[in-house]
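The primary structure of each chain is shown beneath.
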Amino acid sequence: MIPRVLTIAGSDPSGGAGLQADLKAMSALGAYGMSVVTALTAQSTTGVTDVHNVPEDFVRAQLDTLLDDITPDATKIGMLSTTGLIAVVADYLPRLGVTVLDPVMVATSGDRLLEADAVDALCDLCTRADLITPNVPEAAVLLDREEATDVDGMVAQAGELLDLGVHRVLLKGGHLAGEATDVYADADGVELLTAPRTPTRNTHGTGCTLSSAIAALRPRRSGWLETVRDAKAYLAGAIAHADELGVGHGHGPVHHFHALWERDTETPGAEVRA
């Protein structure tokens, strides 16, 4: 059966992050994607200029209507910028299948996407999800610590997140120098997952894409570590082909469909075509 995977996230008009990136990643990996919108952003590859949070009652209405008809096999949870929105989604966790929480706080452009007074509520939600996928700055905020500066520091902070009650964590090391090393940690131990770093500025939506890939793959994998490895490999390919898209003037999107779209390899600068 084709997995039915839900994203609960904000919208990105440029298509590189948020629920648009989530649905692309899910589709590229053979899952049927569904979405519940939590925020509308005025956003491009150069930054976020405005955010309109969807009213909590309407988020509930979206979830009630969807879940009365379809039960997700897995759910990715992304941008929840207020305490109220976090509380709404928390109420529905038992009905969402396995859950992957990307604790979105700051966009790739540096714009803040989480209200300051919502951090404690987000921390609590992190202890209820099946897997969380913070990057180095996000882990530091969740722990109220200085940011890790190396892999050893990441391993230590992943352990601290488990001590707080988090079930599983994939701590992403993309902000550090050198190879792209992530730390996966659960009750069974710690694994370092490393991929070559691609020299590109086109990394808009990498966190959204990775967490959605994990959600899309989990129903068809035997365990979490296998799922995370395969999702990371997919993201590495999407980043490696990001420059082919040529979208925007800032941090462009990764290429979600790099393995599916035909490419003209003979003509320099040729456009990617479906």
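Residues numbered from 1 in each chain as written. Predicted model: local features only at pLDDT ≥ 70, side-chain atom pairs only at ≥ 80, totals over all residues. Heavy atoms only, no water.

Section: the packing of aromatic side chains
Condition: Each aromatic pair joins two rings of Phe, Tyr and Trp (for Trp, the six-membered one) with centres within 6.5 Å, and gets the label stacked for planes under 30 degrees apart, edge-to-face for over 60, and tilted for any other angle. Each ring is checked for a lysine NZ or an arginine CZ that lies within 6 Å of its centre and within 35 degrees of its normal; such an atom marks a charge sitting over the ring.
Across all of its chains, the model carries 1 aromatic pair by this definition. The lysine or arginine in question, Arg 218, covers the ring of Trp 224, its NZ or CZ lying 5.0 Å from the ring centre.

Here we look at the pattern of salt bridges
For clarity, the threshold we go by: Each reported salt bridge corresponds to a side-chain nitrogen of Lys or Arg within 4 Å of a carboxyl oxygen of Asp or Glu. By the criteria applied, helices consist of DSSP H or I runs no shorter than four residues and strands consist of E runs no shorter than two, each listed in order from the N terminus. When a residue's accessible area, from a 1.4 Å probe over protein chains only, is under 20% of the maximum for its type it is buried; when over 50% it is exposed; and in between it is partly exposed.
Evaluated as defined, the whole model comprises 9 salt bridges. A salt bridge links Arg 229 to Glu 191; its shortest N-O distance comes to 3.4 Å. In this pair, Arg 229 sits in helix α8 (residues 224–240) while Glu 191 sits in strand β9 (residues 189–195), placing the two residues 38 residues apart along the sequence. Overall, Glu 191 belongs to the partly exposed group, its relative accessible area being 32%.

Some details on the nonpolar core
Stated formally: Here, nonpolar core means buried Ala, Val, Leu, Ile, Met, Phe, Trp, Tyr and Cys residues that are tied together by side-chain atoms lying within 4.5 Å of each other.
Membership of the largest hydrophobic core comes to 44 residues, with the highest contact counts inside it found for Ile 8, Leu 63 and Ile 132. A total of 6 residues in this core trace back to one element, the largest contributor, which is helix α3 (residues 83–92). Ranked by size, the runner-up nonpolar core spans 27 residues in total, among them Val 100, Val 228, Ile 239 and Val 254.

Some thoughts on the environment of Gln 157
Here is the rule we go by: Residues are treated as being in contact if the distance between any of their heavy atoms lies within 4.5 Å.
Within the secondary structure, Gln 157 sits in helix α6 (residues 151–163). Take Gln 157: its relative accessible area is 7%, and that puts it in the buried class. The spacing of Gln 157 and Leu 122 is 35 residues in sequence and 17 Å in space, taken between C-alpha atoms. Residues in contact with Gln 157, not counting those within four places in the same chain, are Ala 139, Ala 140, Leu 143, Arg 145, Glu 146, Glu 147, Ala 148 and Leu 171.

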